Amino acid sequence: MSSIGIMLEEARQSWRGLVRRPGYFILAVATLALGVATVTIAFSLLHQALLKPLPFPSPERLVTLGIEVEKDHNIAAPQYYPLLKSMRSVESAGMLMGWTTNTNVAFGDQAEVVTALRADRGFIETLGLPLVVGRNFNSDEDRPNGPEAVILGHDFWRMRFGSDASVVGRTLQIEGRPVEVVGVLPEAFVWPDRFDLLMSLQPDLTARDLSTNQVVVARLKPDATVAGAAAETRVVLTAMLDSHGGATERQREYLRRNPPTALPLATSVFARRSGDAIWLFLGAAACVLVIAAINLASLMLLRALSKSHDGAVRAALGAPLSRLCLPPLAEGALVGLVGAVTGLGLAWGGLRTLGGLVPSEWLRGEAVALDGSSLAFALAAGVATAVGAATLGILRSQSSELARELIGGGRSGLSQQSGRLGRMLVIAQIAVAVVLLIGAALFMRSLQKLEAVPMGFQSRAVTTFTLAPVKERYVEASDAVEQTRRILERLQRFPGVETAGASTNLPTGSQLNYSMVLPDQRTITGQYRLSSPGFFESFGIPVLAGRGFDDRDDAAGELVCLVSAAFARDYLGGEPLGKIVTLPMDEGPNIAMRVIGVVGDVRQFGPGEPLPPTLYAPLAQIPPPIWALLREFGPLSYAVKLRSTTTGVDEQELRRAIQEVAPLQPISNLQPMEAIVASTTSQQRLNLLLVGVFAGLALLLASVGLYAVMAVAVASRRFEFGVRAALGAPQSLILRGVLRDAGMQIGLGLAIGLVIAMAFSRLVRSFLFGVSPADPLAIVAVLAVLALAGFAASLVPALRASRVEPIEALRVE
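Residues numbered from 1 in each chain as written. Predicted model: local features only at pLDDT ≥ 70, side-chain atom pairs only at ≥ 80, totals over all residues. Heavy atoms only, no water.

### Quick word on the nonpolar core
Alright, step 1. If you look at the biggest cluster of nonpolar residues, it comprises 76 residues, and the most contacted ones within it are Leu45, Phe281, Trp362, Leu436 and Leu786.
Alright, step 2. Taken together, the elements giving at least two residues each to this core come down to α2 (22–51), α10 (277–306), α12 (321–354), α15 (416–451), α22 (682–716), α24 (731–759) and α26 (776–802).
Alright, step 3. Per-element accounting of this core gives the leading share, 15 residues, to α22.
Alright, step 4. Apart from the residues lying within four places of it in its own chain, the contact partners of tryptophan 362 are Ala49, Arg273, Ser274, Ala277, Ile278, Phe281, Gln683 and Leu686. (Core = buried A, V, L, I, M, F, W, Y, C linked by side-chain atoms within 4.5 Å. Buried < 20%, exposed > 50% of the residue type's maximum accessible area, 1.4 Å probe, protein only. Helix = DSSP H or I, 4+ residues; strand = E, 2+ residues; numbered from the N terminus. Contact = heavy atoms within 4.5 Å.)

Structure below.
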């Protein structure tokens, strides 16, 4: 028989042996599958967020140009655009808004709110993906005040128009105006902020305003580099601002603090959304795979030891080393392949479960899934881990001391070296489990701290929704104020509603910064809110001094405002009533408001952020320049406080009620305020969920590993225990001895794991709130749980050892 035939026969015999005694095979596959599943889930998230190439031609040449306002994120102003587009290193460039907006769209007698992104024709040209049908924006649609046009997102086209190509050329009623559909984006198009419509941006490139709210995407020439483009951007924009007659010293200082640069599109727009969380998950999953690998190595080592007598006989009969190594390697390959495939199935189920929990902007707006890279990674990880574990068993079983013990004895069981290696593997498993469990405990403690922070308002029984007045029908601020008044009156009559109010912002989850001039002429930037009567009552925000808003505070009345307690304390000397705070206006007279009351602070940015100083003005007194800003970007938020006997708001009934007083005015984001508050800690919940699941798997695998090693060790020392029992050793003494050996391994693993966890504590510090990485409660809880799990895993083998019958143990087989 040829050497290949001999090798195949050896492999076949090994696999038949595994099938005939499936207990070991099932345990080994399950152990490996858990490790492969966790690391594949984390790798899939990492690949989708950071490693997967963007679906655009030559994506490595795509960059964003502008001022780096934070790490890996730059923005631009329309006046920068012509200079950036004409740089020597740039082949083409496009401009888009830095965020999406809610947009009202009408289909016949139906209206809904969709998400829109504004961009110019250069955006599509630069990315280089052809449209499915239709065309890009043309030069007329690109100019300020030119005819508007819209390109449909592929999903929106498929769901609303059934992928009908004839939609191109039709008009949609967008914000009450007819807008022509000129094209449809391809299915492959991705963007981290998902949108339904791509609207023509029409930037005014001659404006002297240097406000940076846009993003410039550029495609570099084939011979250009990102570093070269960054240097050229710095030179061009610095020279422009130095020569800009309207630039203030504050703007110049801003540019000095935030230098112009070029950044890869994959980094500046896509990868930055997930931050370091993805790497945290991958590290946690890798720990689980390490534990699974150690556990598998223990199992394969024990199997190699159990078959070492057969190997010694074959070696004595002249079998070469390659023949002796082939069976365990074949077993390892089969375990690795089946374990990887099983792990892929578990990973598929896990990703389906996690699909709705991971923020879509992390995943480029796509659903996370197993692709070819994930499959290859899982197979490689599974086979490599199993074959590596089998190789360790081969190396130990081939040691001369082990061969002498096993060939010469039979009753001595495991050698000292083999027992030491098994204990080392158990210690390593426990140490890695300590690291993961401490991480999970810290995230749990951090979440507890966050949820214990008072938000400053009541969210129970409050339902919210947003409404952006249709632009064509509600042009002036007074139009929107009148619409709001009618809607609030109708909501007050809605079944189950106790109070209702409206504001430009909810108490948490959004912001509106504005410059304010204090009575002492200092200029600060604070949070600015426009609110109706009933808004504070709906959320239970207390009026601490003075009075709240009422019907007196209308457009004809005195301009007034409320300030938060933090605003009064930090900027108005703690005695704000009667003082004047001014809003500077770029167009028209400044807005001077008298403070009539102080309200409680709210956690606008979430429980982990400081209390912001906030100024509230009556919605009925909205300044026209601010209305122009809100009309473009900021929908109004409504809140209804339900009576205690009301279970909830019927969405269809609510929409019909709005239609009664504001026909063809859609609403969006109808949800309980409690859900919005919960979303402020969603990142911490996701951290806890993933790391907690991984830590639970680590605890399970470590416990199983400890049990397996202890069980085999006890079985191998059966003769020794029988002799001790025959010489009069009580069962309790044998029991304590076995538990003491297990306790030493557990204790050493706990100590090593604690040292490792403290050494890497700085890696999780940024994910924690109100908790030190050395939090004693978390550490004590983890050590207690692992010690208890270790004791439970070793108790059964210890009891088995204490109950060995001398006559059976000493019987010569």
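### Here we look at the packing of α24 against α26
Alright, step 1. The contact between α24 and α26 brings their axes to 9 Å, and the two run at 150 degrees. One element, α24, and the other, α26, form an angle in the roughly antiparallel class. Like other packed secondary-structure pairs, α24 and α26 cross with a definite hand, here right-handed. On α26, the residues touching Gln731, Ile734, Leu735, Val738, Leu739, Ala742, Ile746, Leu750, Leu754 and Met758 of α24 are Ile779, Leu783, Leu786, Ala787, Gly790, Phe791, Ser794, Leu795, Ala798, Leu799, Ala801 and Ser802.
Alright, step 2. Residue composition of the contact of α24 with α26, by class: 18 nonpolar, four polar and no charged. (Axes fitted to C-alpha atoms, helices over the stretch in contact; angles between N-to-C directions. Parallel < 35°, antiparallel > 145°, perpendicular 65-115°, else oblique. Left-handed = near helix turned anticlockwise from the far one by under 90°. Nonpolar A, V, L, I, M, F, W, Y, C, P; charged D, E, K, R; others polar.)

### Some details on a nonpolar patch on the surface
Alright, step 1. There is a patch of nonpolar side chains on the surface, built from Leu748, Ile752, Ile756, Phe760 and Leu763 and spanning about 430 Å² of accessible area.
Alright, step 2. Looking at the nonpolar patch, the element that brings in the most residues is α24, giving three residues.
Alright, step 3. Tracing the backbone shows phenylalanine 760 in the loop between α24 and α25 (762–765).
Alright, step 4. For phenylalanine 760, a relative accessible area of 49% translates into the label partly exposed. (Patch = residues over 30% accessible without salt bridge, like charges linked within 9 Å, V, L, I, M, F, W, Y side chains within 5 Å. Areas by Shrake-Rupley, 256 points an atom, 1.4 Å probe, with all protein chains shown as cover. Salt bridge = Lys/Arg side-chain N within 4 Å of Asp/Glu carboxyl O.)

### Here's the deal with the side chain of glutamine 429
Alright, step 1. Structurally, glutamine 429 can be placed in helix α15.
Alright, step 2. Using a relative accessible area of 1% as the deciding quantity, one classes glutamine 429 as buried.
Alright, step 3. Residues in contact with glutamine 429, not counting those within four places in the same chain, are Ile291, Ile294, Asn295, Ser298, Leu701, Ala702 and Gly705.

By themselves, these observations are geometric and do not establish any function.
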